[in-house]
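Read off the chains here:
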Amino acid sequence: MSITILNPGMMTTVQDMGRFGYQQFGVSASGVMDPRSTSIANILVGNDENEAVLECTMMGPHIRFDQATCIAITGGDLGPTVDGVPVDNYRAFLVNAGQVLRFTMIKSGCRAFIAFAGGLDIPVVMGSRSTNMKAKIGGFQGRKLEKDDVIKFRAPKTDLKNLGIRHISPEFRPRAEYTLRVVLGPQDDAFTELGIKTFLSSVYTLTPEFDRMGCRLEGEVIEHVKDGNIISDGIAFGAIQVPSAGKPIIMLADRQTTGGYAKIANVITADFRILGQLKAGDKVRFEQVTIKAAQEALLAQRASMRTLRNALDR
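Residues numbered from 1 in each chain as written. Predicted model: local features only at pLDDT ≥ 70, side-chain atom pairs only at ≥ 80, totals over all residues. Heavy atoms only, no water.

S.K.: Mind showing me how you'd approach the sheet that holds strand 5 (residues 69-77) here?
M.R.: Neighbouring strands of a sheet are bound in pairs by backbone hydrogen bonds; such pairs are parallel or else antiparallel. With respect to topology, 5 strands assemble into an open sheet ordered 2-3-10-5-8, the strand pairing being antiparallel. Both outer strands of the open sheet, strand 2 (11-15) and strand 8 (93-95), are each paired with one neighbouring strand and no more. Looking at each pair of strands side by side, their axes are set apart by 30° on average, direction ignored. The sheet contact formed by strand 3 (residues 53-57) and strand 10 (residues 108-116) spans 4 bridges and is antiparallel. Residue pairing in the sheet places glutamate 55 in a bridge with phenylalanine 113 of strand 10. Along the sheet, helix 1 (residues 35-44) makes contact with strand 3, strand 5 and strand 10, crossing strand 5 at roughly 155°. (Pairing = 2+ DSSP bridges. Helix = DSSP H or I, 4+ residues; strand = E, 2+ residues; numbered from the N terminus. Axes fitted to C-alpha atoms, helices over the stretch in contact; angles between N-to-C directions. Contact = heavy atoms within 4.5 Å.)

And the structure:
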């Protein structure tokens, strides 16, 4: 009852919603880059939203199924096929024993998420199955997947209630320019009025310097009151650091636990679904919102997940 990795793709790792409560000990939260897509994938196959998935970046893996089970693929469109036949994203479907899931080419977004009905047999480490590659803990042997890796299923399911309706329209749509909503702070007072205005009015381009830890942006220089250095403090997913050179860096899932650059703002949680799908060359602008608006957006997103589960399980 397992899958075998025939080709790992560019970078495929086991991730769930993250390993929280350990940043004080220097352990990164890790977790998926696109929590909403992960939640949807798990709901489509009847799993808990925090169930571990395979996160596939840019070029997806080739996976042979040694046991039949239902899966769902969400997030970016990396061109999934089963035995050479294209399959839909955002739809739960059965893969039979002996069949091979492949990804042909990236069509939109950056990362796809594969959920397996009943979950993968991955040990829980400090409350999470997520892979922390830098610390080599969690996931599958603390690393990205490699050729010939075998991962067992916990409780594979070949039939799901209402399987025929367990699908929704793909959510991510490519755009010429993406808007990320942000809450200013916690060190927005380290920037001049002009610096804040520049940050909120400019269009920035993601550089090739991006990974699960963070992404550097190219664009207008953001002016500091003095410089970009602060006494190191904690870093959240979506924190936007601005070093003294004035170019922003967005911190992501595998971010370090603390940092010494001033943070001008933080991308709101509800927009991680966009942030996690960006890649080099994409253009973004930032829109300031209030903490209340950020909270309401997150609550609305959670409500939509409950509505989806109720509709599929009725």
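S.K.: Hey, could you run me through the pairing of strand 13 (residues 204-210) in this one?
M.R.: In regular strands, side chains alternate between the two faces of the sheet. In terms of strand pairing, strand 13 meets strand 20 (residues 283-288) through 2 bridges, oriented antiparallel. Across the sheet, the residue bridging to threonine 205 is lysine 283, located in strand 20. Bridge count between strand 13 and strand 14 (residues 214-218): 3 bridges; the pairing is antiparallel. Paired with leucine 206 across the bridge in strand 14 is leucine 217.

S.K.: Would you explain the sheet that holds strand 6 (residues 80-82) in this entry?
M.R.: The 6 strands lie next to each other as 7-6-9-4-1-11, forming an open sheet whose pairing is antiparallel. Looking at which strands have only one partner, the edges of the open sheet turn out to be strand 7 (85-86) and strand 11 (150-152). When strand 6 meets strand 9 (residues 100-103), the two strands line up antiparallel, connected through 3 bridges. What sits directly across from threonine 81, in strand 9, is arginine 102.

S.K.: Just checking my understanding: could you explain the nonpolar core for this structure?
M.R.: The tendency in soluble globular proteins is for nonpolar side chains to be buried as a group. Judged by nonpolar contacts, the single largest core of 30 residues is most densely connected at Leu180, Ile240, Ile250, Ile264, Leu275, Val284 and Phe286. Sorting the residues of this core by element identifies strand 12 (178-184), helix 2 (193-201), strand 13, strand 14, strand 19 (263-267), helix 3 (272-275) and strand 20 as the ones contributing at least two each. Once residues within four sequence positions are removed from consideration, isoleucine 240 is found in contact with Val182, Phe199, Pro248, Ile249, Ile250, Ala262, Lys263, Ile264, Ala265, Val267 and Phe286. (Core = buried A, V, L, I, M, F, W, Y, C linked by side-chain atoms within 4.5 Å. Buried < 20%, exposed > 50% of the residue type's maximum accessible area, 1.4 Å probe, protein only.)

S.K.: Any chance you could explain the packing of aromatic side chains here in plain terms?
M.R.: For any pair of aromatic rings, geometry is given as the distance between the ring centres together with the angle between the planes. Summed over the entire model, instances satisfying the criterion amount to 8 aromatic pairs. Judged by centre distance (6.4 Å) and plane angle (35°), the ring pair of phenylalanine 65 and phenylalanine 153 falls under tilted. With phenylalanine 65 in strand 4 (residues 62-65) and phenylalanine 153 in the loop between strand 11 and strand 12, this residue pair connects regions lying 88 residues apart in the sequence. Each member of the pair, phenylalanine 65 as well as phenylalanine 153, carries the same accessibility label: buried. In this structure an aromatic cluster arises from ring pairing among Phe65, Phe116 and Phe153. (Phe/Tyr/Trp six-rings, centres within 6.5 Å; stacked < 30°, edge-to-face > 60°.)

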